[in-house]
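Descriptive structure summary
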Amino acid sequence: KGVDVGWGFERIVKTIQNTKTIFDIDLLKPFVEYLPRELAERVKRTIVDHLRASVFLILDGVRPSHKEAGYILRRLVRRIATIIERHQLENFLLTNLAITVINNFGDFYPELRKNRNEIIKELETEIKRFIRTLKQGLHNLEKIIGQKDALSGQDAFDLYQSYGLPREVMDGARGSCPPR
């Protein structure tokens, strides 16, 4: 009684509902099922987890930035944007999923519904901003790959530092061009 075992709400519900993962509980499963079937489970789970966290961070007043909680939010949203771009998903899919998150949690957190437009606008703005930057980074990555037989650590660092280009994007874009 009264002992915090560090499970978190979703893990407790997972145990009570006897599901395989937290993404199978009745609270999260609708979000996973909303996404296209052809996406890998890991990708779906990443989108759901990052989007849900982003919605609540924005609700709490966090805005994407280069420091503190704003940096965490920016990384979460950029990971979602990277997935959107890699899997050629439409941005509206994420907007609709964010609205679903807001609606499903709105009974427990009425401020979600009250701030819905602001949350959606913030998400859409950051995703659009990063996708523009991502496309520039991919263009520069292709130029580097065209000039060299391998992507150096410095090249990867520069692409990440300048464009926020994640490693998985660099790995996927360069194909057989291993890092040096």
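So, how was this worked out
- Residues numbered from 1 in each chain as written.
- Predicted model: local features only at pLDDT ≥ 70, side-chain atom pairs only at ≥ 80, totals over all residues.
- Heavy atoms only, no water.
- Salt bridge = Lys/Arg side-chain N within 4 Å of Asp/Glu carboxyl O.
- Helix = DSSP H or I, 4+ residues; strand = E, 2+ residues; numbered from the N terminus.
- Buried < 20%, exposed > 50% of the residue type's maximum accessible area, 1.4 Å probe, protein only.
- Phe/Tyr/Trp six-rings, centres within 6.5 Å; stacked < 30°, edge-to-face > 60°.
- pLDDT = per-residue confidence, 0-100.
- Contact = heavy atoms within 4.5 Å.
- Core = buried A, V, L, I, M, F, W, Y, C linked by side-chain atoms within 4.5 Å.

1. A word on the pattern of salt bridges
What the rule picks out here adds up to nine salt bridges. Between glutamate 118 and arginine 63 there is a salt bridge, and its shortest N-O distance comes to 2.2 Å. Taken as a pair, glutamate 118 in helix H7 (residues 116-147) and arginine 63 in the loop between helix H3 (41-59) and helix H4 (68-86) lie far apart in primary sequence, 55 residues in all. For glutamate 118, a relative accessible area of 40% gives the class partly exposed. For the salt bridge of glutamate 126 with arginine 74, the shortest nitrogen-to-oxygen distance reads 3.1 Å. In this pair, glutamate 126 sits in helix H7 while arginine 74 sits in helix H4, placing the two residues 52 residues apart along the sequence.

2. Side note on the environment of glycine 137
Summarising the element assignment, glycine 137 is placed in helix H7. Residue glycine 137 is classed as buried on the basis of its relative accessible area, which comes to 0%. For the pair glycine 137 and tyrosine 163, spaced 26 residues apart in the sequence, the C-alpha separation amounts to 5.3 Å.

3. Section: the packing of aromatic side chains
For the coordinates displayed, the defined rule picks out three aromatic pairs. When the ring of phenylalanine 31 is compared with that of phenylalanine 105, the centres are 6.0 Å apart and the planes differ by 20 degrees; the resulting orientation is stacked. Taken together, the positions of phenylalanine 31 in helix H2 (residues 29-34) and phenylalanine 105 in helix H5 (residues 91-105) put the pair 74 residues apart, joining distant regions of the chain. The class of phenylalanine 31 is buried, set by a relative accessible area of 1%. Seen from their ring centres, phenylalanine 56 and phenylalanine 105 are 5.6 Å apart, and the 85 degrees between their planes marks the pair as edge-to-face. Here the residue phenylalanine 56 occupies a position in helix H3, and phenylalanine 105 occupies one in helix H5, the gap between them amounting to 49 residues. Of the two residues examined, phenylalanine 56 and phenylalanine 105, each falls in the buried class. One aromatic cluster is present, formed by Phe31, Phe56, Phe105 and Tyr109 through successive ring pairs.

4. Describing the confidence of the model for the protein
Averaged over every residue, the pLDDT of the protein is 87; residues scoring 70 or more account for 93%. Confidence, read as mean pLDDT per element, is least for helix H9 (residues 167-174) in the protein (68) and greatest for helix H6 (residues 110-114) (96). Scored below 50 in pLDDT, residues 175-180 makes 13 contacts in the model with residues more than four places away or belonging to other chains.

5. Here we look at the nonpolar core
In terms of nonpolar packing, the biggest core is built from 48 residues, with Ile47, Val55, Leu112, Ile119 and Leu123 touching the most fellow members. Those elements that place two or more of their residues in this core are H2, H3, H4, H5, H7 and H9. By residue number, the principal contributor to this core is H7, which donates ten residues. Apart from the residues within four sequence positions on either side, leucine 123 is in contact with Leu51, Ser54, Val55, Ile58, Val77 and Ala98.

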